[in-house]
Amino acid sequence: MKCSKEESFSNGELNRYGNIELSPSSGVLNYGQGLFEGLKAYRKGDGRLLLFRPEENGLRLQMGAERMCMPSPSIEQFIYAIKQTVLANKRWVPPPGKGSLYIRPLLIGSGSVLGLAPAPDYTFLIYASPVGNYFKEGLAPLNLVVEENIHRAIPGGAGGVKTITNYSPVLKAQTQAKSKGFSDVLYLDSVKKKNLEEVSSCNVFIVKGNKISTPATQGTILPGITRKSIIDIATNQGYQVEERTIEVEELVDADEVFCTGTAVVVAPVGSITYQGKRFKYNTGVGAVSQKLYSILTGIQTGLIEDKMGWTVEIE
Ligand code: PMP
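Only a predicted model underlies this, so the values are computations on that prediction, with no experimental measurement involved.

### With respect to the overall build of the protein chain
For the protein chain, the count of helices and strands is 6 helices and 16 strands. For the protein chain, the C-alpha radius of gyration of 20 Å lies close to 20 Å, the compact-globule estimate for 315 residues. The C-alpha extent of the protein chain, read off along each of the three principal axes, is 55 × 50 × 35 Å. Burial analysis of the protein chain (315 residues in total) assigns 42% to the buried set. Of the contacts made within the protein chain by residues no fewer than 6 positions apart, 69% connect residues no fewer than 24 positions apart.

Pasting the structure below:
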């Protein structure tokens, strides 16, 4: 789908997966004018296909586009394009329980621009790939390390939107962490350097008794769609859920920690290393993490009745 300044997006077309042509002076290549989304299509037991909250991805794309001075497709266009992409790739959606079709919408400044300015033209495209379940055999706890020197976002920056430019600056921290045997990095805020923000591609929650807390978004954390869904599920399950400032010291006596995101769904955290000290959680997988994972994946795959109206069936 294409769009020039002050016009709306044209209806798109389906093409075989392949390279696209881009001007060397395009806005995305020079000034990083690009946004992406990520969502999944699941196959139900009866063979039908389900999307999980696609309008939320469309709304988040629109919010990000506004921040990055880009036009965006309407929600109707967004959902229609997602559905067409899934239908065209129907045979690649794994059988129930074996994974999902990961769908990657991408909005880029494709027009040519030499001096710093918004690009004159934009392209919205979607590609998809089958993916297995993140956890192949039951949940396996992640081992995180708190990063103190590299920050993901600054107040007033673009940490709250899914711009492509948020991801390359944290590759260094993530690569270093992985080379030391950690699963991923837990970032702190860039001002006080002591409040939890999020992990490279997921949000974080801590559990203490009946209370479940997650950092308030405040423009520096990506408002995850899984995060939002888990807040609702946990509230309905009788937990007291709070979005608030969480100091890194609170990790010391948390009962459980878990991460949420489209890829991991709900991932229990087994340990967090901060300033050389390792805080351990559970010997196996925390009961709260396991329960929330089972409910959310049950809804996403059609095994549990979707009372919230979150899933969208594709005809
Ligand atoms: N934070 C970051 C930085 C992410 O890239 C993602 C993945 N989109 C998330 C959190 C989780 O968001 P969601 O639940 O919408 O996948």
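### A word on the environment of Gly 309
Within the secondary structure, Gly 309 is located in the loop between α6 (287–300) and β16 (311–314). The exposure class assigned to Gly 309 is exposed, which follows from the 7 C-beta atoms found within 10 Å. Residues Gly 309 and Leu 251 lie 58 residues apart in sequence; the distance between their C-alpha atoms is 34 Å.

### Description of the packing of helix α2 (residues 54–67) against helix α3 (residues 75–88)
Contact pair α2 / α3: the axes reach a minimum separation of 9 Å and the direction vectors enclose 125°. The orientation of α2 relative to α3 falls into the category oblique. The interaxial crossing formed by α2 with α3 has right-handed handedness. Listed contacts from α3 to Pro 54, Glu 55, Gly 58, Leu 59 and Leu 61 of α2 are Ile 75, Phe 78, Ile 79 and Ile 82. Classifying every residue of the contact of α2 with α3 gives 7 nonpolar, 1 polar and 1 charged.

### Brief notes about helix α5 (residues 225–236)
Along its 12 residues, α5 runs 17 Å from first to last C-alpha, staying within 8% of the 16 Å computed at 1.5 Å per residue. Among the residues of α5, those classed as buried are Ile 225, Thr 226, Arg 227, Ser 229, Ile 230, Ile 231 and Ala 234. Phi turns positive one or two residues past the end of α5, at Gly 238, with a value near 95°.

### Thoughts on the packing of α5 against α6
Axis separation between α5 and α6 bottoms out at 10 Å; the angle between their running directions is 110°. When the interaxial angle is binned, α5 and α6 end up roughly perpendicular. Our pair here, α5 against α6, has a crossing hand that is right-handed. Listed contacts from α6 to Ser 229, Ile 230, Ile 233 and Ala 234 of α5 are Leu 292, Ile 295 and Leu 296. Here the residues of the contact of α5 with α6 sort into 6 nonpolar, 1 polar and no charged.

### Focus: the site of the ligand
In the vicinity of the ligand there are 13 residues, among which Leu 222, Gly 224, Thr 226, Gly 261 and Thr 262 approach most closely. For the shell around the ligand, the secondary-structure elements that each account for two or more residues are α5 and β13 (256–261). Across the shell around the ligand, the residue classes tally to 3 nonpolar, 8 polar and 2 charged.

### Section: the UniProt feature "modified residue: N6-(pyridoxal phosphate)lysine" (unreviewed entry) in the protein chain
Under the UniProt annotation, the feature "modified residue: N6-(pyridoxal phosphate)lysine" (unreviewed entry) is placed at Lys 162. As for its placement among the helices and strands, Lys 162 is situated in the loop between β7 (142–147) and α4 (171–179). Ignoring anything within four residues of it in the chain, the contact list for Lys 162 reads Leu 35, Phe 36, Glu 37, Arg 60, Gly 64 and Leu 222.

The rules behind each value
- Each chain carries its own residue numbering, running from 1 in the direction its sequence is written.
- Thresholds applied to this predicted model are a pLDDT of at least 70 for local features of residues and 80 or more for the giving and counting of side-chain atom pairs; totals over whole chains, interfaces and linings are not thresholded and use all residues.
- Every helix listed is a DSSP run of H or I at least four residues long, and every strand listed is a run of E at least two residues long, numbered separately from the N terminus.
- Only the C-alpha atoms count toward the radius of gyration. The rule for a globule is 2.2 Å times the residue count to the power 0.38.
- Buried, partly exposed and exposed are defined by the number of other C-beta atoms within 10 Å of a residue's own C-beta, namely 20 or more, between the two limits, and 12 or fewer respectively, with C-beta atoms placed from the backbone.
- Here contacts are defined at the residue level, using C-beta atoms placed from the backbone and a cut-off of 7 Å between them.
- Here, axes are lines fitted to C-alpha atoms. For helices the fit covers the stretch in contact, and angles between N-to-C directions go from 0 to 180 degrees.
- An angle counts as roughly parallel when it lies under 35 degrees, as roughly antiparallel when it exceeds 145, as roughly perpendicular when it falls between 65 and 115, and as oblique in every other case.
- Left-handed describes a crossing whose near helix is turned anticlockwise from the far helix through less than a right angle; right-handed describes the clockwise counterpart.
- Amino acid classes used here: Ala, Val, Leu, Ile, Met, Phe, Trp, Tyr, Cys and Pro are nonpolar; Asp, Glu, Lys and Arg are charged; the rest, including Gly, are polar.
- The span expected for a helix works out to 1.5 Å for each residue beyond the first.
- For each residue, a C-beta atom is placed from the backbone, and the residue is labelled near a molecule or strand when this atom is within 6 Å of it.
- UniProt positions are given in the numbering used here, feature names are shortened, and annotations may be inferred rather than shown by experiment.

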